[in-house]
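Fold and contact review
The chain contents come next:
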There are 2 protein chains.
Amino acid sequence: MAEDLKEAGGKVRLYVNAPLAAGIAVAPDEGQAHYLMHVMRAKAGDRVTLFNGRDGEWMAEIAEVSKRAIALRCLSRIAPQAEVPDLWLAFAPIKKTPSDYLVQKAAELGVRALLPVFTRRTIVTRINPERMAANAVEAAQQSGRLSVPRVAAGVSFERLLADWPKERTLYFCDEGGDALPLADAATGHVGPAAILTGPEGGFDPAERAALRALPFVVPVTLGPRILRADTAALAALAIWQSVAGDFSQQH
Amino acid sequence: MAEDLKEAGGKVRLYVNAPLAAGIAVAPDEGQAHYLMHVMRAKAGDRVTLFNGRDGEWMAEIAEVSKRAIALRCLSRIAPQAEVPDLWLAFAPIKKTPSDYLVQKAAELGVRALLPVFTRRTIVTRINPERMAANAVEAAQQSGRLSVPRVAAGVSFERLLADWPKERTLYFCDEGGDALPLADAATGHVGPAAILTGPEGGFDPAERAALRALPFVVPVTLGPRILRADTAALAALAIWQSVAGDFSQQH
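How each quantity is defined
Residues numbered from 1 in each chain as written. Chains lettered and ligands numbered in written order. Predicted model: local features only at pLDDT ≥ 70, side-chain atom pairs only at ≥ 80, totals over all residues. Heavy atoms only, no water. Phe/Tyr/Trp six-rings, centres within 6.5 Å; stacked < 30°, edge-to-face > 60°. Helix = DSSP H or I, 4+ residues; strand = E, 2+ residues; numbered from the N terminus. Buried < 20%, exposed > 50% of the residue type's maximum accessible area, 1.4 Å probe, protein only. Least-squares fit on C-alpha atoms with pLDDT ≥ 70 in both. Contact = heavy atoms within 4.5 Å. Salt bridge = Lys/Arg side-chain N within 4 Å of Asp/Glu carboxyl O. Buried area = accessible area lost by both parts, 1.4 Å probe. Polar contact = N/O pair within 3.5 Å; in protein donor to acceptor, adjacent residues only side chain to side chain. Pairing = 2+ DSSP bridges.

Quick look at the packing of aromatic side chains
Residue and element names in this part refer to chain B. Taken as a whole and assessed by the stated rule, the structure comprises eleven aromatic pairs over all chains. Ring centres 5.4 Å apart and planes at 55° place the aromatic pair Tyr 15 and Phe 51 in the tilted group. Taken together, the residues span a long stretch of sequence, with Tyr 15 in strand β1 (residues 13–15) and Phe 51 in strand β3 (residues 47–51) at a distance of 36 residues. Classification of Phe 51 by relative accessible area gives buried; the value is 0%.

Right under this line is the structure:
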């Protein structure tokens, strides 16, 4: 349904790769151009905001609209660059729609990176990083974030642990039932962190043992019920942001 | 894809309405019968567990399988009845797939009731309570809950507040930005509670003012980013369960 960019009142935010500075011209990508021209019916002089993950948020105007192209011009910076807490989500990929949903929600909940990991019980054998990245960009645009979560290439469980940066605490959502609640384990956490969630079938015993043997791993529980893989990841991110992240900051 | 009930190792849980007691015969509903016969290929003597929200969890066996019907028999109670925390979710309905997710995940996260509420900016004009109830049952079965969340009939925002049980604290997810973080507001909460989340467009100023004027309402924030309606509801439920609910209980 066609909307109107004016009605959106500068609420339209676009993520771009180009550097942003006063007076600079910015060309939206094909999808963004289509959105501006055919969904938002952009006219010269309409306003949007731009961010690139480096230069803060900028007010921009539609400088020119032709049949085929649209040009934006940066006006002034309306917010300095800001970063989300240093929280990663390492997750066993799940079937398509839940993965789209997971990436979108994780971006809204303020993760800095998404790391797909293939565990023994992971049923999904291939992922679509481009699709995940597109979901991450879309969610970042609508959530007001000034950065887009990085989507890493999928790796094996063994590779993830072998290459893990030791200074980053890995909160492992363990269904074993003898772990600390995440809120207790993470309250006041300082420094880099990550959440690790398993596939529908959970981690196998060897994986659980390997995780529990590592000094940077903290096993945590998400309560007495069995949560679906995507529910567990979202619950863990929300809880971590509440006790150790930026949920105590205002809009 | 057909599975095998034996391989599932008594992991199949079914919610039934019938009373449960030793030796009692229970007839699954049509969908459950189809699932047992054609998906799980149930044979006489196979085991499933049953719960009805009143009598705890029961081990049952397939007593008889014919072409058209399947009969279950209750053997012994394997867990006493237990209830989730007294937490409701009042939410502005959102478009179909997100609503399905929301109901499913809210059930996993342990809500006792789901209350669809039509606010001024709610775009969805009709809901499907049967569909919501079916999603709630399915999620309750797989989550290990011993009860199914009640799905209330949709009501107007004004009606919800006029009929609200005054002793139940209503944590209102306010995008206004001057509220306490939910984790701070709810830590150690005792007594009945509910989370209220708005539609995609948020609450309008008159609704925000009406809520803030009520003694049982506590405005809360979910951090600096703009969350989609379903993300906000799930994040709020996970956080509440962590600081005031049962996430500190083990599996």
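Structure shown, so let's carry the discussion forward.
Focus on the relation of the copies chain B and chain A
With an RMSD of 0.0 Å, chain B superimposes on chain A once it is rotated by 180° and translated 0.0 Å along the axis. Such a turn and shift between the copies fits a two-fold axis. Considering only C-alpha atoms, the part of chain B nearest the rotation axis is Ile 239 of chain B, at 2.6 Å. Most of the interface of chain B is mirrored in chain A, where 98% of its interface residues again form contacts.

Describing unusual backbone geometry
Positive phi values are uncommon outside glycine, yet Arg 41 of chain A reaches one of about 50°. Looking at the element boundaries, Arg 41 of chain A is found in the loop between α1 (30–39) and β3 (47–51).

Topic: the side chain of Asn 135 of chain B
Looking at where Asn 135 of chain B falls in the secondary structure, it is placed in helix α3 (residues 129–143). If sequence neighbours within four positions are ignored, Asn 135 of chain B has contacts with Asp 100, Val 103 and Gln 104 of chain B.

Digging into the pattern of salt bridges
Applying the stated criterion across every chain, the model contains 31 salt bridges over all chains. A salt bridge links Asp 163 of chain A to Arg 159 of chain A; the nearest nitrogen and oxygen atoms lie 2.9 Å apart. Residue Asp 163 of chain A is classed as partly exposed on the basis of its relative accessible area of 49%. Given the relative accessible area of 44%, Arg 159 of chain A is considered partly exposed. The partner of Asp 178 of chain A in a salt bridge is Arg 212 of chain A, with the nearest N and O atoms 2.7 Å apart. Of this pair, Asp 178 of chain A sits in the loop between β10 (169–173) and β11 (180–181) while Arg 212 of chain A sits in helix α6 (residues 205–212), and the two are 34 residues apart along the sequence. Residue Asp 178 of chain A is classed as exposed on the basis of its relative accessible area of 53%. Salt bridges sharing common partners tie together Lys 105, Glu 108 and Glu 138 of chain A together with Arg 228 and Asp 230 of chain B.

With respect to the interface of chain B and chain A
Taken residue by residue, the interface counts 42 residues in chain B and 43 residues in chain A. With both sides pooled, the region where chain B packs onto chain A buries about 3,700 Å², and carbon together with sulfur makes up 53% of that total. Counting every contact that joins chain B to chain A gives eight salt bridges. On inspection of chain B and its partner chain A, the count reaches 18 residue pairs in polar contact (both at pLDDT 80 or more).

A few points about the pairing of strand β4 (residues 57–65) of chain B
All names here are of chain B. Pairing geometry for β3 and β4, over five bridges, is antiparallel. Within β4, the position partnered with Leu 50 by the bridge is Trp 58. Between β3 and β4, which pair antiparallel and follow one another directly, the connecting turn spans five residues, one of which, Gly 53, has a positive phi of 85°. Sheet topology note: the β4/strand β5 (residues 70–79) ladder contains eight bridges and is antiparallel. The residue bridging Glu 57 from the neighbouring strand is Ala 79, located in β5. Between the end of β4 and the start of β5, which pair antiparallel, lie four residues.

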